[in-house]
Structures are given as structure tokens and as C-alpha cells.
Amino acid sequence: MDKKKYHFIGIGGIGMSALARILLDKKLPVSGSDKCSSANIENLVIKGAVVQNEHSAKHISPEHTVVFSSGIKEGNPELEAAKALNCNVIHRSELLADLMKGYRTLAVAGTHGKTTTSALLVSVLTEGELDPSFAVGGMVEGLNGRVGKGKFFVAEADESDGSFLNYHPEGAIITNIESEHLDHFQTVERLKSAFETFICQVQNLELLFTYEDVGQGRGTSYGFSENCDLRLSNYRQEGWKSHFDLTFEGRVYKDVALALPGEHNALNAAAVFGLALRLGVAEEKIRNAFIAFPGIGRRCQTRGEKGGVLFLDDYAHHPTEIATTLKGVKFAVEERRLVVLFQPHRYTRTRDHLKAFAGAFEMADQVYIDEIYPAGEEAIEGITADRVIEEIRAVSTVPCAKWSDTVSLFPHDVFMTIGAGDVTNVHDTIGAPEKLTVGVVFGGLSCEHEISMKSARFVSSSLDKTLYNVRYFGIDKQGNWVTGEEAKEILENNPVVESPRSSPIFDVIKELEACDLFLPILHGTYGEDGTLQGFFEMLGKPYTGPDYRAAAISMDKVLSKRLVASHGVPVAKDISFGHIQWSQEKSTILEKIDTFPVYVKPVHLGSSVGISCVKSKEGLEAAVEEAFRFDTKVMIEEGKLNCRELEFAVIGNTHAFGVEVPNPGEKLAEGTFVDYEKKYSANPVQTTLAPDLDPKILEEGKKLAQKAYRAVECSGMARVDFLLDGDGKFWFFEMNSIPGLQQLSLFPKIWKREGVEPEKLFDRLIILSLQRKRQQDRHFRCLAGS
């Protein structure tokens, strides 16, 4: 390339700046102009470019080769001056075609995913020591263009204005074709025709990869379909990473890992994988580049974290891009609230895809719509942000509102800006999120009052006070409520207070209404059995642990056994009866019991309260009478001899993103029954976090614990207890909807073993409670709209 002087009109644009950077690498003089400065422009100036912050005819000289993009319209003073001075005026695509001469060019085209795919290809070739030159539409480790020492040139081929037809690459990836850029092409047919022409211009069909049937038989097809030449399968997402298998040319490449979320990114990566193999890049190098890929600017880019809120930014502006991006993000952040601010880009695009935008936000929990970013277009009557909101509300239950430059964010939220305009700048204006006000409720009427106090004390001390304002609600043994500082004082300094001064009912209600959510830390009746949970439902407030239905079922030993048994979980034989039935049919009931030992249990209590292990008929009647001291219903259950007692600490919302079941803990009771005294005395039964069990037995236990949890439709948390007999068979024992949460309790200890400290454990439970309430509210909105 001869020693020309290049002047870029709009040098700060992502595509223009890439070319300017390449020219500077070639030691060619570069100047340019833009309406405002940016980090991109500042970097070009550091490399030697001369940049003006205005468009003016005085910047143009006859010796300039003037470069413009399709965004520069007739009447621009610099463009008009260049024509008047008879300068060499070229479109950016012409310059890119010129820069690619002498290289083995690899182009990436398609409606969606071009930037990510081309950047990933650059990373793979770089890892493969091929040192490519490139010009892409995003920043890859601070660069969107450079001159490499190798023979390959990777170019993002932009179809938006048809200029990609200026390229005749050796190889190419076509990611997909969808209705877009109709302001230029006018019809989908003309758009497809342009792509067909581009595909025909690819020089080497061995290096052409097209999504599914896009190539119409030309090149190598890729996708999830079994008909594809390069086929993806077994896709799964773990956090922000994707995993999948690839079948290509008679070989299966197992568990390909990619440092990007979402099936759309897996598809992009599959094409890069196949093309790189054809270019001779070693499989190991490809895998290394995939897992180390840092991503690119404005593509699911992390903008920081503040006050427990994660801030993200993405360039997606087409409905399909928005939907696939939000799906990938949602499966990464799971139950956290996903708040999306979308800025529609161009009036024509908004008009052409208005109905599709309406269904693009289903993975969000809250959507805000900003004013349309015009990108130089004139407004179109009736095409407004308000119209987009109307369309979304017409078909979706996702809350949607107009953006007003303010947003209420809370700990654990994920705030994401989406759009190709200047919406990314919003991140610089958002202040610190508000704290959540959580109410810790403790004590209660049950005989497990003291256990509740100990658990609540540990929970309260573990809460992150930088994220939460904590309010305290104590319930004494007579059912009186105590709030405020007095409740806090009772919790922190008095293990048992029989009759504290109860707070006036209106003060209690006022304190309850001030809370965003509740942590009910009560064991036994009137706290763990769904009654308090139902009260919170009536208040319209979220709460941790199972919902009121699952709590009530879990507390009912008979009903929970019947449900889990119906889902294939083994249970011991039992009979149950009420107090009246016992008084009338005592002899008949006693005659039915002919095998010992048995456990006699109050049906609706926990912590082994009122339970007796009876080894012969002589003690059976007394054990039943003892159980009736605590409950109106009793069960007699077949005893399992010499069993180990294993406890599974289960977390998750059944109807959300899955249930987590780590390896259990074990009570080392040597086959004996662990009663209340052995659990909570000064010398409690010893426990272990590492039961000596065959891995297959462990997995079977975890599978059964999850089955039991799902059978009861639990959410939040539960401790699912099993007996394990000498033959390696599990027997469902009971389910605790609010398990012991003291420092020495197995539930928090199990999760700490898994790397989850108590502070993060309670964060997780709070996130689950908020997600369940949002899901419930969305369901009610659906009913209201039906």
C-alpha cells in the first residue's frame, strides 16, 4: 500500500477505528473527525492519529484519501469538501477490501453473532501461533484491529448496507440469516439474495461454514440438527460457561468448554472449531482459546458490582439477539432478579420488528424501555418507546415501564443495559442500591422455642449488614409479639424470656409492613408448619424456606410419607390415627402391631419431640399416650434396626433453576434412635461431614433426597433425613422445612463444607425467596389478564 494520507469521517466508530488502527500499524498517516471524544479515539491519538472533535471542511486537503461509512450522509461538510477537492473518496468496505489484499482472508457474516464469532476466531488463531491480522466490530483485549505477522486476515463482514459484497474471502462463517436491515434491502428476499451472492464469492468451499441450511448445500453446515455436517449435542450451561459435544468428520469431540453462556455462543464456537481444524490448528489450542476467551466489549460485558448488584451491558438490538442473550444471562444468574433497560435502535428497525420485540423479554424479571436511539433516522409517526411498551404488555406478564433515569435496585439484582445506542452510558449515572429490610422472626409457641432462639441468633449474626437492614420479631410462648430493640435485646442476650412486654398490635403491623421479606426461624408448630408462612402470604411478603403448602406437608409425617412414596422413595410401614379414634379403637390398633421395634411419633412435630422407640408390646400404649401429649394425631412406624441416620441439606426452588443436593452429613448414633436429649443436650450425639459410604450409595441417596424434595414441591430449603440399613437401602425418615440453623447444626455445616459460608448461605435463601414471590406475582398477573 502506497504512502497515502487517510482521513476518516467518524473515526470513533467501531468499524472505522479498526481500520484506522491497522493503517497506524502500517506507519501510515491517519487523521479523522468525530462529534465527541471516546476511549477509542484517545487510543488512536496515542498511536499517532490526529483527531478533531467536529466535522469541518477545513480538515480536508486534496492529498487525503477520505474514508466514510454508510452512517455519513450527503451534506456532511467533510464529505462535500472531499468531493469538491476531487479527493479519493472511498467507503470503509473498499478500504477493508484493499487492506485484505495479499492475505488469506477469513470473513464472518450473518445477521447475529458476527462480532463474537470473528473475535473468537482471532483468539483461536492467535493461540495457534498463526498471529492473524484482523478488523472486527468489538474490542478484543483492547483492540478491534491490528496488523499481525501471519498470513491470515480475519474480517467481520457487515451486511447492513450490502457492502460485504465487496469481499471475496478464501473462507467464511455465515452465522445465520434473519429479517434485518430492511431499511437497505427492502425485502427479506433481497437480503437472502445478497447472502447467496456472498457465499458464491467464497473462494474455498472447504473453509466455508454455514448455519444449518443457510449454504444450501455449499460448504460445511453446522448446528444442533442431525443433518448438519458439524453437529452440536449435549449442550449444558454452568454459570457463565457453556459445555457441549461436537461431532465432525467421523469424530466426537467431548465436553468442549467455552467461556461464554448461551446456545447461540455455542453455535458460534462450533463454526470456529470446525474452521480452525480445517486450517490445521491443533485441537488442544482451540480448546485452550475457548476457555480463555475474555469476551468482547458490549457483549454481555460486566460493568462492575456495587452493593450486591451486578451490572451488565450488551449490544443486542434485534429481538432474536435480545431473547438469546437474556436466556444465556438468566441461566447464569439463575434466581437473581434480572432488570433490563432496553433502548430500541433506529425507528425503522423498531417498526419492522415491533411484534417480535414484544416477546423478546420473557427471561427478564423487570423491563424498562428508553426512548428510541435514532442513529441519524427521522422519527416515524406512531413508532415510540410507549408503543413498544404497549406491545410488550399485550402479550407478556413481565413488568414493563418507561425509563425515567431512575431505577430501584436491591442487593442480588442484576441490572443489564441492552441496545446499540448510547444506553451503555447509563451505568455511569446509577447510584448505590438500596438495602433490603429483612425481618428475623423467632421464638414461637412450640416446645422447640429455645431451639428457635439459638438458630435465630446464628442467622442474625451471619447476615451481611452491608446488604440488609435487620428488624427483629420475637414471639413468646404465649404467642405475644415483641418488636424493635426489645426483640433484638431478647435475641442477643436472653436465651429464654417467658413473658416479655408485648408490642401493641399496630406497632407490630407497622414493623411488619416495613420489611421487604422475612426469615422465619421457628421450629415446630405455629412456625414450621405453614401457619406463619400463610400469614406472610396474606401480607404479600416473600419469606425464606418452603412456601406455606410445602411447609405444612413437610410437618405432617404421614402426608409427607405418602407423597414421597408415590414418587418411588422407600418408606417404612406405618399406621396413623387421631385421639378420638385411639380412645375408641385402642385395642384394635394395638393388635395391629406385632413386629418390633416401632417408633411412636406425634405427626406434626419436629426435633424428635414426643418420639419413643418401643421394643415390645408392653411399652406401646404408654408411648402412644406420651405422643398424644404433644399432638392430636400419632403414627406408629416400623422400626429399622441398626440403621445409619443421614441428613441431606437440600436447597433450590423446584419450579425454577434446579435443586442442589450435596453429599449428606451423618449422625453417629451407632444405630440407636437420636431423641431430643441426644440432639440438644450439653453432650449431643456426634456428627460427621464425611460419611464413609460407597460413591454409588451416596449418589442414590442424593437422588432420593431430590425426589422427596420435589414430591413435596419444596422451595427454598429443607433437610431431608434418611435411614440407611445394612443392605445399603435408604428409607425416608422425615423432612424438616426449617432445619436447625445453629453453628453446630448439620445444615449450615454441610454447605460450609461445600464452600458456602453462612453469610452466603443466607444470601442464597433470600434470593430464592424473592424469586419465588416474583414467580407467584407473575402468575397472578397472568390470571388477572385472562
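You'll find the structure just up there.
Keep in mind it's a predicted model, so treat the numbers as computed, not measured.

## Structural notes on the overall build of the protein chain
Then, in step 1: Within the protein chain, the regular secondary structure consists of 25 helices and 35 strands.
Then, in step 2: Structurally, the protein chain occupies a C-alpha span of about 110 × 65 × 45 Å along its principal axes.
Then, in step 3: Here the protein chain holds 786 residues, and 56% of them are scored as buried.
Then, in step 4: Residue pairs in contact within the protein chain that sit at least 24 positions apart in sequence constitute 66% of those at least 6 positions apart.
Then, in step 5: Element-wise, carbon and sulfur atoms account for 49% of the exposed surface of the protein chain, whose accessible area totals about 32700 Å².

## Some remarks on the packing of aromatic side chains
Aromatic ring pairs: the centre-centre distance and the angle between the two ring planes describe each pair.
Then, in step 1: Within this structure, the stated rule accounts for 28 aromatic pairs.
Then, in step 2: Ring geometry for Phe164 against Phe198: centres 5.0 Å apart, planes inclined by 20°, an arrangement best described as stacked. Linking Phe164 in the loop between strand 9 (152-156) and strand 10 (171-174) with Phe198 in helix 7 (residues 188-200), this pair joins segments that are 34 residues apart in sequence.
Then, in step 3: With a centroid separation of 5.9 Å and an interplanar angle of 80°, the aromatic rings of Phe722 and Phe732 are classed as edge-to-face. With Phe722 in strand 34 (residues 717-724) and Phe732 in strand 35 (residues 730-736), this residue pair connects regions lying 10 residues apart in the sequence. Both residues of the pair, Phe722 and Phe732, belong to the buried class.
Then, in step 4: The structure contains a cluster of three or more aromatic residues connected by ring pairs, namely Phe473, Trp481, Phe518, Phe535, Phe536 and Tyr543.
Then, in step 5: Over the ring of Trp731 we find Lys640; its NZ or CZ atom is 3.6 Å from the centre of that ring.
Then, in step 6: The ring of Tyr543 has Arg772 lying over it, and the distance from NZ or CZ to the ring centre is 4.7 Å.

## Regarding the nonpolar core
Then, in step 1: Membership of the largest hydrophobic core comes to 42 residues, with the highest contact counts inside it found for Val124, Leu125, Ile173, Phe209, Phe244, Leu246 and Phe290.
Then, in step 2: At nine residues, the largest contribution of residues to this core is made by helix 8 (residues 263-278).

## A short note on the sheet that holds strand 3 (residues 50-52)
Then, in step 1: In spatial order, the strands read 3-2-1-4-5; together these five strands make up an open sheet with parallel pairing. Edge positions in the sheet fall to strand 3 and strand 5 (88-91), since each of these pairs with one other strand and no more. On average, each strand axis in the sheet is tilted by 20° relative to the strand beside it, whichever way the strands run.
Then, in step 2: As paired elements, strand 1 (residues 5-9) and strand 4 (residues 64-68) share four bridges and run parallel to each other. Counted as the bridge partner of Phe8 is Val67 from strand 4.
Then, in step 3: Most of the contacts of helix 3 (residues 77-84) go to strand 1, to which it runs at about 145°, and overall it touches strand 1, strand 2 (30-33), strand 4 and strand 5.

## Some details on the pairing of strand 4
Then, in step 1: Burial analysis of strand 4 places five of its five residues in the buried class, the great majority of the element.
Then, in step 2: Of the two faces of strand 4, the one holding His64, Val66 and Phe68 and the one holding Thr65 and Val67 are both buried throughout.
Then, in step 3: Between the parallel elements strand 4 and strand 5, the chain passes through helix 3 in a crossover that is right-handed.

## Some remarks on the packing of helix 5 (residues 114-127) against helix 9 (residues 283-292)
Then, in step 1: Running from N to C, helix 5 and helix 9 point in directions that differ by 130°, and their axes come no closer than 8 Å. The angle between helix 5 and helix 9 falls in the class oblique. The handedness of the crossing between helix 5 and helix 9 comes out as right-handed. Within the contact between the two elements, helix 5 uses Leu120, Ser123, Val124 and Glu127 and helix 9 uses Lys285, Ile286, Asn288, Ala289 and Phe290.
Then, in step 2: Across the contact of helix 5 with helix 9, the residue classes break down as five nonpolar, two polar and two charged.

## As for the pattern of salt bridges
Then, in step 1: Applying the stated criterion across every chain, the model contains 53 salt bridges.
Then, in step 2: A salt bridge links Glu645 to Lys667; the shortest N-O distance between them is 3.9 Å. Of the two residues, Glu645 is situated in strand 30 (residues 644-653) and Lys667 in strand 32 (residues 665-667); the sequence distance between them amounts to 22 residues. In terms of burial, Glu645 and Lys667 fall into one category: buried.
Then, in step 3: The partner of Glu647 in a salt bridge is Lys667, and the shortest N-O contact between them spans 1.8 Å. On the criterion of sequence distance, the pair formed by Glu647 in strand 30 and Lys667 in strand 32 is long-range, its members being 20 residues apart. Residue Glu647 shares its accessibility class with Lys667, and that shared class is buried.
Then, in step 4: Salt bridges sharing partners connect three or more residues here, namely Lys561, Arg562, Asp574, Lys601 and Glu637.

## Focus: the side chain of Thr654
Then, in step 1: Relative to the assigned elements, Thr654 resides in the loop between strand 30 and strand 31 (658-660).
Then, in step 2: Note on Thr654: relative accessible area 11%, which makes it buried.
Then, in step 3: Here Cys714 takes part through its backbone oxygen, which lies 2.4 Å from a polar atom of the side chain of Thr654.
Then, in step 4: Residues in contact with Thr654, not counting those within four places in the same chain, are Val659, Tyr709, Arg710, Glu713, Cys714 and Ser715.

## Describing the state of the cysteines
Then, in step 1: For the coordinates displayed, the defined rule picks out zero disulfides.
Then, in step 2: Distance from the sulfur of Cys200, which forms no disulfide, to the nearest cysteine sulfur (Cys228) is 20 Å.

## Regarding the pairing of strand 25 (residues 517-521)
Then, in step 1: Here strand 25 lies mainly inside the structure; five of its five residues are buried.
Then, in step 2: The two faces of strand 25 match: Leu517, Leu519 and Ile521 on one face and Phe518 and Pro520 on the other face are all buried.
Then, in step 3: As paired elements, strand 22 (residues 436-443) and strand 25 share five bridges and run parallel to each other. Among the inter-strand pairings, Val438 is bridged to a residue of strand 25, identified as Leu517.

## Some points on the environment of Glu54
Then, in step 1: Mapped onto the elements of the fold, Glu54 is located in the loop between strand 3 and strand 4.
Then, in step 2: Distance from Glu54 to Glu78, taken between C-alpha atoms, is 9.8 Å for residues 24 residues apart in sequence.
Then, in step 3: The residues contacting Glu54, other than those within four sequence positions of it, are Ser33, Asp34, His59 and Glu78.

## Overview of unusual backbone geometry
Then, in step 1: In the segment running from Phe596 into Pro597, the intervening peptide bond is cis, with an omega of 5°.
Then, in step 2: Mapped onto the secondary structure, Pro597 falls in the loop between helix 20 (579-592) and strand 27 (598-602).
Then, in step 3: Of note, Arg298 is a non-glycine position whose phi angle comes to about 65°, a positive value.
Then, in step 4: Within the fold, Arg298 resides in the loop between helix 9 and strand 16 (301-306).
Then, in step 5: Although it is not a glycine, Glu713 sits at a positive phi angle of roughly 55°.
Then, in step 6: Along the chain, the position of Glu713 falls in the loop between helix 23 (695-711) and strand 34.

What counts, and at which threshold
Residues numbered from 1 in each chain as written. Predicted model: local features only at pLDDT ≥ 70, side-chain atom pairs only at ≥ 80, totals over all residues. Heavy atoms only, no water. Helix = DSSP H or I, 4+ residues; strand = E, 2+ residues; numbered from the N terminus. Buried < 20%, exposed > 50% of the residue type's maximum accessible area, 1.4 Å probe, protein only. Contact = heavy atoms within 4.5 Å. Areas by Shrake-Rupley, 256 points an atom, 1.4 Å probe, with all protein chains shown as cover. Phe/Tyr/Trp six-rings, centres within 6.5 Å; stacked < 30°, edge-to-face > 60°. Lys NZ or Arg CZ within 6 Å of the ring centre and 35° of its normal. Core = buried A, V, L, I, M, F, W, Y, C linked by side-chain atoms within 4.5 Å. Pairing = 2+ DSSP bridges. Axes fitted to C-alpha atoms, helices over the stretch in contact; angles between N-to-C directions. Right-handed = clockwise from strand over helix to strand, strands pointing away. Parallel < 35°, antiparallel > 145°, perpendicular 65-115°, else oblique. Left-handed = near helix turned anticlockwise from the far one by under 90°. Nonpolar A, V, L, I, M, F, W, Y, C, P; charged D, E, K, R; others polar. Salt bridge = Lys/Arg side-chain N within 4 Å of Asp/Glu carboxyl O. Polar contact = N/O pair within 3.5 Å; in protein donor to acceptor, adjacent residues only side chain to side chain. Disulfide = S-S within 2.5 Å.

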